[in-house]
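Chains, contacts and geometry: an overview
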Amino acid sequence: MEDSSAEAPDSSTQDDAPPLVVKEVHVNIQREWSDGISSPSRDGSTLMNSGTHGDDDTKTDCDPPEGRSKYCGLCFSDGKSRIDYILVYRKSSSQSEKREIFERNIRAEGLQLEKEASVTNSDVIFLKLHAPWDVLCHYAELMNIRMPFRRKIFYMHRRHNFMSRIEKRFNRFCGWLPHKPMKFGNNALPDLAENESFTAPFSRSRIHHFIIHNKNTFFSNATRSRIVHHILQRVKYEEGKTKMGLNRLLSNNSYEAAFPLHEGRYHSKNSIRTHGAENHRHLLYECWAWWGVWYKYQPLDLIRRYFGEKIGLYFAWLGWYTGMLFPAALVGLLVFLYGVFTLEDCQVSKEICQATDIIMCPICDQYCPYLKLSDSCIYAKVTHLFDNAATVFFAVFMAVWATLFLEFWKRRRAVLAYDWDLIDWEEEEDEIRPQFEAKYSKKERMNPISGKPEPYQAFTDKYSRLIVSSSGIFFMILVVIAAVFGIVIYRVITVSTFAAFGWALIRNNSQVATTGTAVCINFCVIMLLNVLYEKVALLLTNLEQPRTESEWENSFTLKMFLFQFVNINSSTFYIAFFLGRFTGRPGAYLRLINRWKLEECHPSGCLIDLCMQMGIIMVLKQTWNNFMELGYPLIQNWWTQRRLRREHGQRAAASFPQWERDYNLQPMNASGLFDEYLEMILQFGFTTIFVAAFPLAPLLALLNNIIEIRLDAYKFVTQWRRPLPSQAKDIGIWYGILEGIGILSVITNAFVIAVTSDFIPRLVYAYKYGPCAGQGRAGEGCMMGYVNASLSVFRVSDFEKRSRPTTSGAELVGEPVEYCRYRDYREPPDSADPYSYTLQFWHVLAARLAFIIVFEHMVFAIKTLIAYLIPDLPKDLQDRMRREKYLIQEMMYEAELERLQKEKNKKKRKRERSHHKEWP
């Protein structure tokens, strides 16, 4: 669910350019065709010109458009110098000497400073920073920032008359249809028009080739903030080679906060469609964060322009994931509806509902009564909704879907990286963490990249810390297993308690009540352990002493994902693969600590417990996450605004400068986008790992993500301070985690179908033991007698003393029960080898193992084939990149011709001058 947009193309005049490394951004042939270009055959080989340089245009962003009010707080007191960055400190802080040195060095770098006290607290001081034009140019060249330098010239393929007539008729037909209702029109929102320009690394020596109509707006606000932050990270605050950088001053409380400013208010009394946008923040709110545009594509180029490429890539990935959920949700819903429509024809459900004469053994010790199998009629029908003939198809479909999602995301990421000038971008070498420097400053060695000495961590020290950290991870996994063990004990004890409960509703549904309460308790335990895991992950990551911030972030991300994944899914794995599998049989139950009988599955199967576990956990967790993401900062900001209005009045609070309003917003999480990614990755696991047991999981994920996109957008635009725009060319370590989840999902779904569901036992019965045995076909008619064949017989007199029920079952059949049934394939009590496994049990076991092997190999082969057939780069992108190389060669050729022509003209002028001198 995304769209790409950028600024409208600017006009340019003819000029010649020296060889530059260029980038072609978003070729849009259709727009030029619709605009009636007269000479479509002209392409970039003509290389007509580059750009203009407007030295006299001094308009700044502080000057409001005509007819609009001027927002205060975006510029210095002179009303001209734009604020590019804000530092906040308290006068009462004890780090004044470091701040003075730091600010003096900032001025030496060419930045302009201005201080102003807070309106609400005189102890708080705002330090406003502005980067002049020369400073921006200098550091833009050092940072290799790509800037537009040449209008794109389109090349259009010639069309035959026949194809032109077909295209005209097709366009005429499309004119009757709604025109792209999910996209924003460029007429209504002109700021979303594409910036049709080539870009190249900025160079002051070739500045006349860049499209510069206004010095104050040539560098976007995000770029200006990034340049200033780059400077601040390299300014010293004390003597010493490591005593530099804003991050260190923030960590030692020299400064309280540092952030770029939002571009004014996000709301306006006037409609954006009639009066236009007040600023980019207002535009983002109206076309992205406002709930009224929930069905629209995301304006990714606008998000990238305001928040930077890293946040833009997150929302691009989230939109892509949400869009890919549409087919998965549709197929999952069709599988569910197939179960609904075939419910009346299901032979197994019919037999269970009609089995009024089959008495089931009690599911717990003493207090659980005998039950009629027909009492499970409702649960059997619900199970059929999720466990039907379409389940296997859906499991294969979701495995293929996960592969397609990842492969097509690589293609989408490549297009975005190309359009956003990130193909050749390489992340700068991270600075060494201050903690690492402080720990290992005594021992240094030469960095092979920079050639400078840096602190060195010995091999033995590094790996001893990794061993201790790994031991901590293993211990926390054991804590998760202990928590699951506690939930198991709760289920075992509670099922007997509910069976003897006073309320008939709970007594008659003791197993469902046990499962429901256990899931809710498990959710509370999960949320409590998540808080503990975050602290443990921080402790273990700091114990490892990673060298750089990126290494620290990757290590912390891996630990947090592992902890939370195991925490959330451990109970689900227990229900899917262990519940009811190792209980023994009546008369010889396996017991926990030789005391508690292990919990059995419901007479209709264990799948209903797995569905309930997944449904409740998924809904509760997504609801809780959404509340914590938006509700918590919303309440905090509301309380802050309420306090300010009470102390200073409604009108005074509304007139606060922009830096004051931004300071009162909540800062972005210290972990950045980690929480956002983690939430979606865990949801992806829910959507794929056990999807065979819960086909509605993709639909729930889709509904949540539609809300999630707008929640995150609203939070970034209105509730958080503006984060520092930063660059990234992919989603980092999360892609590898997604691939791992995709592989795990194939294995788990194979086991769910083979072990948890009744698909394999029914298949074996239909082909081997049912009415159609030996006929090579299977259908509902072939399932007659399946329920009776899947139940074994137990003599009541063989019960253990501590398992013998307190009731005789006379209330069900009018006389004491002598025999009861249970789910298993065992010999009857009167056989030569009572209660031993039957031949059907071994046939089912062999079929299950065979299905797991065949399913996994088949799906992995399909996944590998799909990944091989889908190239990482789209064909049109490859063509655009080849064309870029062609244009570079042409530019170099023309530049060389220009140089030779200039030399020729120069020699000619010299000869003419010398000829005039020789004239007598």
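Look up: the structure comes first, before these words.
Quick caveat: nothing in here was measured; it's all calculated off a predicted structure.

Focus: the overall build of the protein chain
In terms of regular secondary structure, the protein chain is built from 30 helices and 19 strands. A total of 920 residues make up the protein chain; the buried ones form 51% of that total. Accessible surface, the protein chain as shown: approximately 44100 Å² in total, 58% of it carbon and sulfur.

Examining the side chain of Ser790
Here Ser790 lies in the loop between helix H27 (786-789) and strand E18 (791-795). A residue is classified by how much of its surface remains accessible, and Ser790, at 12% relative accessible area, is buried. Beyond its immediate sequence surroundings of up to four residues, Ser790 is in contact with Tyr822, Arg823, Asp824 and Tyr825.

Some points on the state of the cysteines
Under the criterion given, the structure shown has 3 disulfides. Two residues share a disulfide in this structure: Cys361 and Cys820, whose sulfurs sit 1.9 Å from each other. Given an S-S torsion of about 85 degrees, the disulfide between Cys361 and Cys820 has right-handed geometry. Highlighted residues: Cys361 in the loop between strand E10 (359-360) and strand E11 (371-372) and Cys820 in strand E19 (residues 819-823), separated in sequence by 459 residues. Cys820 matches Cys361 in its accessibility class, with the two residues each being buried. Not part of a disulfide, Cys524 finds its nearest cysteine sulfur in Cys520, a span of 7.2 Å.

Describing the sheet that holds strand E4 (residues 112-117)
Ordered by their spatial adjacency, 4 strands build an open sheet running E4-E5-E3-E8, and the pairing between neighbours is antiparallel. With one partner strand each, in any of the chains shown, E4 and strand E8 (257-259) form the two edges of the open sheet. Across the sheet, the axes of successive neighbouring strands diverge by a mean angle of 20 degrees, strand direction being ignored. Across 6 bridges, strand E3 (residues 85-90) lies against strand E5 (residues 124-130) in antiparallel orientation. Looking at E5, one finds that Val88 is bridged to Phe126. Across the face of the sheet, helix H6 (residues 221-232) comes into contact with E3 and E5 while running at roughly 50 degrees to E3.

So, the pairing of E3
The buried count for E3 comes to 5 of 6 residues, which makes it a mostly enclosed element. Alignment of E3 against E8, held across 3 bridges, turns out to be antiparallel. Bridge pairing in E8 links Leu87 to Ala258.

Quick notes on the nonpolar core
The tendency in soluble globular proteins is for nonpolar side chains to be buried side by side. In terms of nonpolar packing, the biggest core is built from 152 residues, with Trp288, Phe307, Trp317, Tyr321, Trp401 and Phe855 touching the most fellow members. When residues of this core are assigned to their parent elements, the largest contribution, 15 residues, is made by helix H11 (residues 309-341). Sequence-distant contacts of Tyr321, defined by excluding residues within four places in its chain, comprise Trp401, Phe405, Met680, Gln683, Phe684, Thr687, Ala701 and Asn705.

Description of the pattern of salt bridges
Opposite charge on two side chains permits pairing when their charged atoms draw close. One pass over the full model with this rule turns up 23 salt bridges. In this structure, Arg204 and Glu141 form a salt bridge, with 2.9 Å as the shortest nitrogen-oxygen distance. Taken as a pair, Arg204 in the loop between strand E7 (197-201) and helix H5 (215-218) and Glu141 in helix H3 (residues 133-142) lie far apart in primary sequence, 63 residues in all. By relative accessible area, which is 41% here, Arg204 ends up partly exposed. Overall, Glu141 belongs to the partly exposed group, its relative accessible area being 28%. Arg591 is the partner of Glu800 in a salt bridge, and the nearest nitrogen-oxygen pair spans 3.4 Å. Linking Glu800 in the loop between E18 and helix H28 (810-813) with Arg591 in strand E16 (residues 591-592), this pair joins segments that are 209 residues apart in sequence. Owing to a relative accessible area of 23%, Glu800 belongs among the partly exposed residues under this scheme. One salt-bridge network, held together by shared partners, links Arg90, Asp123 and Glu256.

A look at the side chain of Asp301
On the secondary structure map, Asp301 appears in helix H10 (residues 300-307). An unpaired buried charge is present at Asp301: no salt bridge exists, and Arg304, the closest side chain of opposite charge, is 5.2 Å distant. Side chain to side chain, Asp301 and Trp420 meet in a polar contact 2.6 Å long.

Topic: a nonpolar patch on the surface
A grouping of Leu330, Leu333, Leu334, Leu337, Val340 and Phe341 is seen on the molecular surface, where their side chains present a nonpolar patch of about 530 Å² in accessible area. Among the structural elements, Leu334 can be located in helix H11.

A closer look at the pairing of E4
Note that E4 and E5 share 6 bridges and pair antiparallel. When the bridges of E5 are listed, Lys115 appears paired with Leu127.

Thoughts on the packing of H3 against H6
Relative orientation of the contacting elements H3 and H6 amounts to 80 degrees, with a least axis distance of 10 Å. Judged by the inter-axis angle, H3 sits roughly perpendicular to H6. In contact with Val135, Leu136, Tyr139 and Ala140 of H3, H6 contributes Arg224, Ile227, His230 and Ile231.

As for H6
Between its first and last C-alpha atoms H6 spans 17 Å; for 12 residues at 1.5 Å apiece the expected length is 16 Å, and the two agree. Across the 12 residues that make up H6, a large majority, 12, are buried. Here H6 has its buried residues at Asn221, Ala222, Thr223, Arg224, Ser225, Arg226, Ile227, Val228, His229, His230, Ile231 and Leu232.

A short note on a positive patch on the surface
On the surface, Lys904, Lys906, Lys907, Lys908, Arg909, Lys910, Arg911 and Arg913 cluster together to form a positively charged patch. Position of Lys910 relative to the elements: it lies in helix H30 (residues 875-918).

Brief notes about the packing of helix H13 (residues 377-386) against helix H20 (residues 607-648)
At a minimum axis separation of 9 Å, H13 and H20 run at an interaxial angle of 65 degrees. As judged from the angle between their axes, H13 and H20 are roughly perpendicular. Where H13 crosses over H20, the two elements pack in a sense that is left-handed. In this structure, H13 contributes Val382, Thr383 and Phe386 to the contact, and H20 contributes Leu607, Ile608 and Cys611.

Quick notes on the packing of aromatic side chains
What the rule picks out here adds up to 50 aromatic pairs. Consider the rings of Phe394 and Phe397, whose centres lie 6.3 Å apart with planes at 15 degrees: the pair is stacked. Remark: Phe397 and Phe394 occur in helix H14 (residues 391-419); sequence separation between them is 3 residues, near one turn of the helix. Under the relative-accessibility criterion, Phe394 is labelled buried at 1%. Ring geometry for Trp552 against Phe556: centres 5.2 Å apart, planes inclined by 15 degrees, an arrangement best described as stacked. One end of the pair, Trp552, and the other, Phe556, are both in helix H19 (residues 549-577), 4 residues apart, so they sit about a helical turn from each other. The same class applies to Trp552 and to Phe556, which are both buried.

Comments concerning the environment of Gly312
Mapped onto the secondary structure, Gly312 falls in helix H11. Ignoring anything within four residues of it in the chain, the contact list for Gly312 reads Leu300, Ile303 and Trp420.

Topic: unusual backbone geometry
Glycine aside, residues mostly have negative phi, and peptide bonds are mostly found in the trans state. Even without a glycine there, the phi angle at Asn144 is positive, about 55 degrees. One can find Asn144 in the loop between H3 and strand E6 (146-151). Even without a glycine there, the phi angle at Tyr835 is positive, about 65 degrees.

About the thresholds
- Residues numbered from 1 in each chain as written.
- Predicted model: local features only at pLDDT ≥ 70, side-chain atom pairs only at ≥ 80, totals over all residues.
- Heavy atoms only, no water.
- Helix = DSSP H or I, 4+ residues; strand = E, 2+ residues; numbered from the N terminus.
- Buried < 20%, exposed > 50% of the residue type's maximum accessible area, 1.4 Å probe, protein only.
- Areas by Shrake-Rupley, 256 points an atom, 1.4 Å probe, with all protein chains shown as cover.
- Contact = heavy atoms within 4.5 Å.
- Disulfide = S-S within 2.5 Å.
- Pairing = 2+ DSSP bridges.
- Axes fitted to C-alpha atoms, helices over the stretch in contact; angles between N-to-C directions.
- Core = buried A, V, L, I, M, F, W, Y, C linked by side-chain atoms within 4.5 Å.
- Salt bridge = Lys/Arg side-chain N within 4 Å of Asp/Glu carboxyl O.
- Lys, Arg positive; Asp, Glu negative; His and termini not counted.
- Polar contact = N/O pair within 3.5 Å; in protein donor to acceptor, adjacent residues only side chain to side chain.
- Patch = residues over 30% accessible without salt bridge, like charges linked within 9 Å, V, L, I, M, F, W, Y side chains within 5 Å.
- Parallel < 35°, antiparallel > 145°, perpendicular 65-115°, else oblique.
- Expected span 1.5 Å × (residues − 1).
- Charge placed at Lys NZ, Arg CZ, Asp CG, Glu CD.
- Left-handed = near helix turned anticlockwise from the far one by under 90°.
- Phe/Tyr/Trp six-rings, centres within 6.5 Å; stacked < 30°, edge-to-face > 60°.

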